Amino acid sequence: MRNSQNYIISGSETLSTNDETTWSLPGAVVGFVSWLLALGIPFLIYGRNTLFFFLYTWPFFLALMPVAVVVGIALHSLLNGKLLYTTLITIVAVVAIFGLLFLWLMG
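A few points on the structure. Note that the structure is predicted; figures quoted are calculated from it, not measured.

### Quick word on the overall build of the protein
Then comes step 1: Along its length, the protein carries three helices and zero strands.
Then comes step 2: Along the chain direction, N to C, the helices and strands of the protein fall in the order α-α-α.
Then comes step 3: The buried share among the 107 residues of the protein stands at 23%.
Then comes step 4: Restricting to contacts in the protein with at least 6 residues of sequence separation, those with at least 24 account for 73%.
Then comes step 5: Summing over all exposed atoms, the protein offers an accessible surface of approximately 8,200 Å²; the carbon and sulfur share of this is 69%.

So this is what it looks like as structure tokens:
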């Protein structure tokens, strides 16, 4: 047995919610790829000797991976899902964070 009533809602009483959310997977992928790109830059500059440096400092750089993913998701959301702008700004931000950590550990 059904225990409900049918209500008719007039046009002026409709509830309009504009809950448009952007999908976070593209931002997460862009963040992860940016982290991989930033991880490869020291190898281009210093060569194979970078492996010895990463041997002792890998936890710091590994901790930047979720930060890079969150930065990608946040920028993708803030830029309303514009993937090109998200990609460019995320790459610049993650490479800058990675470079700052690398220079801090080198000094």
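Having seen it, we continue.
### Some details on the nonpolar core
Then comes step 1: The biggest cluster of nonpolar side chains holds 13 residues, and the ones touching the most others in it are F54, F61 and F98.
Then comes step 2: For this core, the elements supplying multiple residues, two or more each, are helix 1 (25-46), helix 2 (50-78) and helix 3 (83-106).
Then comes step 3: Sorting elements by how many residues they give to this core places helix 2 first, with seven residues.
Then comes step 4: Residues within four places of F61 in sequence aside, it is in contact with W35, F53, F54, F98, L101, F102 and L105.

### So, the environment of F53
Then comes step 1: Within the fold, F53 resides in helix 2.
Then comes step 2: Accessibility expressed as a relative area gives 19% for F53, which makes it buried.
Then comes step 3: Counting along the chain gives 49 residues from F53 to F102, while the straight-line C-alpha distance between them is 9.8 Å.
Then comes step 4: Those residues in contact with F53 that sit more than four places away from it in its chain are F61, F102, L105 and M106.

### Section: a nonpolar patch on the surface
Then comes step 1: On the surface, W23, L25, V29, F32, V33 and L36 cluster together into a nonpolar patch covering about 590 Å² of accessible area.
Then comes step 2: In this fold, L36 is placed in helix 1.
Then comes step 3: Overall, the relative accessible area of 40% leaves L36 in the partly exposed class.

### Focus: the packing of aromatic side chains
Then comes step 1: Under the defined criterion, the tally for this structure stands at 11 aromatic pairs.
Then comes step 2: Between the aromatic rings of F54 and F102, the centroid separation amounts to 6.5 Å while the plane-to-plane angle is 75 degrees, which identifies the pairing as edge-to-face. Here F102 lies in helix 3 and F54 lies in helix 2, a separation of 48 residues in the sequence. The exposure classification of F54 matches that of F102, with both residues buried.

### As for the side chain of S34
Then comes step 1: You can see S34 is positioned in helix 1.
Then comes step 2: Accessibility expressed as a relative area gives 1% for S34, which makes it buried.
Then comes step 3: In this structure, S34 is in contact with T90, I91 and V94, ignoring residues within four places of it in sequence.

### Remarks on the side chain of T57
Then comes step 1: Structurally, T57 is set in helix 2.
Then comes step 2: Residue classification places T57 among the buried residues on the basis of a relative accessible area of 9%.

Cut-offs used in this document
- Residues numbered from 1 in each chain as written.
- Predicted model: local features only at pLDDT ≥ 70, side-chain atom pairs only at ≥ 80, totals over all residues.
- Heavy atoms only, no water.
- Helix = DSSP H or I, 4+ residues; strand = E, 2+ residues; numbered from the N terminus.
- Buried < 20%, exposed > 50% of the residue type's maximum accessible area, 1.4 Å probe, protein only.
- Contact = heavy atoms within 4.5 Å.
- Areas by Shrake-Rupley, 256 points an atom, 1.4 Å probe, with all protein chains shown as cover.
- Core = buried A, V, L, I, M, F, W, Y, C linked by side-chain atoms within 4.5 Å.
- Patch = residues over 30% accessible without salt bridge, like charges linked within 9 Å, V, L, I, M, F, W, Y side chains within 5 Å.
- Salt bridge = Lys/Arg side-chain N within 4 Å of Asp/Glu carboxyl O.
- Phe/Tyr/Trp six-rings, centres within 6.5 Å; stacked < 30°, edge-to-face > 60°.

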